[in-house]
Amino acid sequence: MLARDQRVDRYIDKAAPWARPLLELLREAVHAGCPEAQETIKWSVPHFEYKGVFCSLAAFKQHARLHFWKTSLLRSELSAAGQAALDQLDRMTTVDEVPNHKTLVTLVKAAARLHDAGVKVVRTRPVAKPPLVVPPFFKAALAQVPAAKAAFDEFSPSHRREYLEWVTEAKTQDTRDRRMAKTLEQLSGGKSRHWKFQRAKA
C-alpha cells in the first residue's frame, strides 16, 4: 500500500473550493508528523492508518474536520494549549481556523505515540435497559382502539418504549391522559412517537 492514495486526491478535488486547501494542509501535517501513516478510504472519507486506524479527514457542507481515532486518550496527554488546538480540528471553515503547522505536527506525533505504545481505548458497554412492561391502564386504552393496538404490537421494542416512557413519566393524571390520547391518535395512523423528526431526516 502506498503512503498516498489517489482516491484521497479525488476526494479533495471533489470537495468545495474553500475546503480543498484546508484538507491539503491537514493531509500534509499528518504525513509530516507520522511519515509511516498510510492513506486509504473508509466509510467514504479519507483515513490514515498507522498500527490500526489512526485518523480521518472529512469535508462537510460548511466545515471540515480532522479526527484522531484515540481522541479521548490524546486529550489527556496534551497541555491546555494542545487541547484547545485539538478542539479546533473538530470544526474548521477556513484555512485561518486551522492550527499552525507546528502545532498540527505536534498533535499528530502525540497521537502516533499512543499507537506505538499500543494503548487501547476502553469502550464502555451500554447499560442494559429494563424489560419492557406495559402497565394495565396502557393495555386497557389500547384495547379500546384496535388500530392503535395493532400498530403498537407491530412496532419494534424501541418504538414501543418511546411511547410507554412518554406516557408513564407524566407528572399529573391530566398530562398522562392527554399523552395517552395523543398516543392512540398517532398509533392509529401507524406513526411512531417521533415520526415528524424521522420524516424530516429522510
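The following paragraphs examine the structure supplied in this document. (Residues numbered from 1 in each chain as written. Predicted model: local features only at pLDDT ≥ 70, side-chain atom pairs only at ≥ 80, totals over all residues. Heavy atoms only, no water.)

Some thoughts on the packing of helix α8 (residues 157-168) against helix α9 (residues 173-188)
Interhelical geometry of α8 versus α9 gives an angle of 155° and a closest axis separation of 8 Å. In this view, α8 runs roughly antiparallel relative to α9, as classed from their interaxial angle. Contacts from Y163, W166 and V167 in α8 reach R176, R179, M180, K182, T183, Q186 and L187 in α9. Looking at side-chain class alone, the contact of α8 with α9 contains five nonpolar, two polar and three charged residues. (Axes fitted to C-alpha atoms, helices over the stretch in contact; angles between N-to-C directions. Helix = DSSP H or I, 4+ residues; strand = E, 2+ residues; numbered from the N terminus. Parallel < 35°, antiparallel > 145°, perpendicular 65-115°, else oblique. Contact = heavy atoms within 4.5 Å. Nonpolar A, V, L, I, M, F, W, Y, C, P; charged D, E, K, R; others polar.)

Observations concerning the nonpolar core
Across soluble globular proteins, nonpolar side chains show a tendency to be buried alongside one another. Counting 36 residues, the largest nonpolar core has L26, F54, F68 and L89 as the members making the most contacts within it. Every element with two or more residues in this core is listed here: α1 (6-14), α2 (19-33), β2 (45-49), β3 (53-59), β4 (64-68), α4 (80-88) and α5 (101-116). Ranked by the residues each element gives to this core, the list is headed by α5, at seven residues. Discounting chain neighbours no more than four positions away, the residues touching L89 are L26, A64, R65, L66, F68, P99, L104 and L107. Counting residues in each nonpolar core, the second largest holds 14 residues, with L142, A151, F152 and F155 among its members. (Core = buried A, V, L, I, M, F, W, Y, C linked by side-chain atoms within 4.5 Å. Buried < 20%, exposed > 50% of the residue type's maximum accessible area, 1.4 Å probe, protein only.)

Things to note about the environment of V119
Of note, V119 is situated in the loop between α5 and α6 (136-143). Distance from V119 to L73, taken between C-alpha atoms, is 8.5 Å for residues 46 residues apart in sequence. Those residues within four positions of V119 in sequence are excluded, and the remaining contacts are K70, L73 and L114.

A closer look at the side chain of K70
Topologically, K70 is positioned in the loop between β4 and α3 (71-77). Look at K70: it is buried, it has no salt bridge, and the nearest opposite charge is D116 at 9.3 Å. A distance of 2.3 Å separates the side chain of K70 from the backbone oxygen of V119, its partner in a polar contact. K70 has contacts with L114, H115, V119, K120 and V121, leaving out every residue within four places of it along the chain. (Lys, Arg positive; Asp, Glu negative; His and termini not counted. Salt bridge = Lys/Arg side-chain N within 4 Å of Asp/Glu carboxyl O. Polar contact = N/O pair within 3.5 Å; in protein donor to acceptor, adjacent residues only side chain to side chain.)

Examining the packing of aromatic side chains
One pass over the full model with this rule turns up five aromatic pairs. Pairing F54 with F68 gives two aromatic rings, centres 6.0 Å apart and planes at 80°, and the pair type is edge-to-face. Taken together, the positions of F54 in strand β3 and F68 in strand β4 put the pair 14 residues apart, joining distant regions of the chain. Grouping residues by exposure puts F54 and F68 together as buried. Members of the aromatic cluster, joined through ring pairs, are Y50, F54 and F68. When the ring centre of W166 is taken as reference, the NZ or CZ atom of R193 above it lies at 3.8 Å. (Phe/Tyr/Trp six-rings, centres within 6.5 Å; stacked < 30°, edge-to-face > 60°. Lys NZ or Arg CZ within 6 Å of the ring centre and 35° of its normal.)

Looking at the sheet that holds β2
Strand order in the open sheet formed by four strands is β1-β2-β3-β4, with antiparallel pairing between adjacent strands. The sheet terminates laterally at β1 (38-42) and β4, the two strands that pair on one side only. Direction aside, neighbouring strands of the sheet carry axes that sit 25° apart on average. Of the strand pairs in this sheet, β2 and β3 are connected by three bridges, and their pairing is antiparallel. What sits directly across from H47, in β3, is S56. (Pairing = 2+ DSSP bridges.)

As for the packing of helix α7 (residues 146-154) against α9
The axes of two packed helices give the description: the angle between them and the distance between them. Packing of α7 against α9 leaves a shortest axis separation of 7 Å and a crossing angle of 75°. Considered as vectors, α7 and α9 are oriented roughly perpendicular to each other. The segment α7 lies against α9, with A147, A148, A151 and F152 engaging L184, L187 and S188. Class assignment for the residues of the contact of α7 with α9 results in six nonpolar, one polar and no charged.

A look at the pairing of β1
Relative to β2, β1 runs antiparallel, the two being bridged by five bridges. Across the sheet, Q38 pairs through a bridge with E49, a residue of β2. Between β1 and the antiparallel strand that follows it, β2, lie two residues; W43 among them carries a positive phi value of about 55°.

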